[in-house]
Amino acid sequence: MDRRTFLTATSTGSVLLATQRLWSRPLSTSTDMLIHTRVPHNAEPRLESLVENWITPTDRFYVRSHAPVPIIDETSFRLSLEGMVERPLSLSVEELKAKFERVTTTATMTCAGNRRSEHSLVKQVKGVPWQAGAIGNATWTGAKLSAVLRSAGVAAEAKHVWFEGLDQIDRPSGEIPFGASIPISKAMSDASATPGALVAYAMNGQPLTPDHGFPMRTVVPGFIGARSVKWLGKIVVSDRPSPNHYVATAYKLVEAGSPQEWATSAPLENFVMNSVTCVPTADANIVAGKLTMRGYALAAGFPDRTIARVEVSADGGHSWTRARFDRDAKPFCWRLWSADLPIAPDSVDIVVRATDSKGEVQPQRVDWNLKGYQFNGWHNTPIQVN
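Residues numbered from 1 in each chain as written. Predicted model: local features only at pLDDT ≥ 70, side-chain atom pairs only at ≥ 80, totals over all residues. Heavy atoms only, no water.

**Student:** Honestly, the overall build of the chain in this entry has me stumped. Any pointers?
**Tutor:** Broken down by element type, the chain carries 9 helices and 23 strands. Compactness check: the chain gives a C-alpha radius of gyration of 22 Å against a globular reference of 21 Å for 386 residues, within 12% of the reference. Overall, the C-alpha framework of the chain stretches about 70 × 50 × 45 Å when taken along its three principal axes. Looking at the chain as a whole, 53% of its 386 residues qualify as buried. Considering only intrachain contacts with a sequence separation of at least 6, the fraction spanning at least 24 residues in the chain is 71%. (Helix = DSSP H or I, 4+ residues; strand = E, 2+ residues; numbered from the N terminus. Rg over C-alpha atoms; globule rule 2.2 N^0.38 Å. Buried < 20%, exposed > 50% of the residue type's maximum accessible area, 1.4 Å probe, protein only. Contact = heavy atoms within 4.5 Å.)

Quick look at the structure:
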């Protein structure tokens with residue numbers, strides 16, 4: 001932003017927007033984070049610290065941003081709800097808290113690009129080079145999206161709910177906000193323990209931090225992280241998916257990337273089953289003998305799927321040792337696991353795979369795609385045995 005633009009914004013009362021662009025910055029300073037880019041802020045925790053807690057501390061929760069973090073004045077902030085509704089809404093944070101039941105749920109969030117760096121070993125892909133730490137499990141507090149929609153009176157013809165953030169992303173066509181949409185059936189699919197979606201204002205018992213969407217964000221349990229829009233400013237009810245770039249022409253599985261392929265491919269929704277070894281880390285020096293391993297496993301993002309079994313191998317998958325879990329399975333949440341594995345002098349790597357409650361086994365390999373999304377082949381950890 002040049003000086004003339006800033007002065008014009010100031011003189012017309014748009015100081016807040018101007019300061020959003022001038023002084024936006026990430027606030028996460030944990031030394032456990034591996035920072036990929038600072039502006040926009042993209043960072044993931046180191047694997048050995050990721051699995052220390054079932055609930056991921058906020059300062060160790062991965063950060064995915066497409067633009068500078070906007071600075072938002074909570075006292076003047078309003079969330080709008082419009083589109084195919086009888087009564088459009090405009091809500092402050094305090095009004096949302098006062099008018100709707102306070103709901104807290106625990107859910108795992110994971111970036112569609114988690115483990116992208118492994119995808120690039122097959123063929124290079126563009127995007128943040130995530131290792132396996134673009135995932136975290138948190139408690140989220142807010143209002144059920146279904147309750148907010150019902151209060152506005154959703155039209156019978158409505159089929160989708162759009163979300164629009166207050167960030168501003170530089171695109172060849174100009175600046176756009178980050179956006180997403182979900183089927184309205186997902187928004188209304190509340191269960192006793194988990195809402196279909198949440199308009200959240202707190203994370204792990206504290207107000208959202210700027211990195212994680214202050215003052216409001218959506219949380220959509222079971223869906224890729226891109227559908228949980230940070231710095232939420234607008235909700236639109238519609239009869240079609242959002243036309244936003246990050247729905248219409250991004251976050252899709254494509255191979256060639258032709259305009260036709262982008263246009264006809266469906267937007268990604270549910271995340272896929274995955275499991276990862278976090279301890280030991282890659283290329284660790286291991287003494288032959290018994291090794292205690294730790295990691296995480298996540299079932300695909302459906303309410304009837306949980307992780308039932310995790311197995312590890314030190315001989316390329318010829319023999320397997322079953323892992324133990326730290327707690328019972330819960331829908332939409334990861335399970336942390338540990339296993340004692342005998343390591344022989346000729347061991348060269350460790351492999352892990354998961355099986356879900358429906359008997360589906362994590363695939364050994366996955367097809368390459370242009371953006372490196374949803375990589376969930378067997379996780380391989382090369383080690384050095386002394």
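**Student:** For this particular structure, what's the right way to read the nonpolar core?
**Tutor:** Leu145, Phe163 and Tyr296 are the most contacted members of the largest nonpolar core, which totals 61 residues. Per-element accounting of this core gives the leading share, 4 residues, to helix H6 (residues 145-152). One finds Ile286, Ala297, Val310 and Ala314 within the second-largest nonpolar core, a separate group that totals 20 residues. (Core = buried A, V, L, I, M, F, W, Y, C linked by side-chain atoms within 4.5 Å.)

**Student:** In this structure, what is going on with the confidence of the model for the chain? I would like to understand it.
**Tutor:** Where the model shows low pLDDT, its predicted coordinates should not be examined in detail. Counting all residues, the mean pLDDT for the chain is 91, and 92% of those residues have values of 70 or more. Below pLDDT 50 for its whole length, residues 1-26 participates in 35 contacts with residues either more than four positions away or in separate chains. (pLDDT = per-residue confidence, 0-100.)

**Student:** Any chance you could explain the side chain of Ser146 here in plain terms?
**Tutor:** Within the secondary structure layout, Ser146 lies in helix H6. Taking the relative accessible area as the measure of exposure, Ser146 reaches 1% and is therefore buried. If sequence neighbours within four positions are ignored, Ser146 has contacts with Ala187, Met188 and Asp190.

**Student:** Just to check I follow, could you spell out the pattern of salt bridges for this structure?
**Tutor:** Oppositely charged side chains may form a pair once their charged atoms are brought near each other. With the rule as written, the count across this model stands at 15 salt bridges. The partner of Asp326 in a salt bridge is Arg327, with the nearest N and O atoms 3.9 Å apart. Of the residues examined, Asp326 reaches a relative accessible area of 42% and is grouped as partly exposed. Of the residues examined, Arg327 reaches a relative accessible area of 41% and is grouped as partly exposed. Linked by salt bridges that have partners in common, Asp32, Glu52 and Arg60 make up one network. (Salt bridge = Lys/Arg side-chain N within 4 Å of Asp/Glu carboxyl O.)

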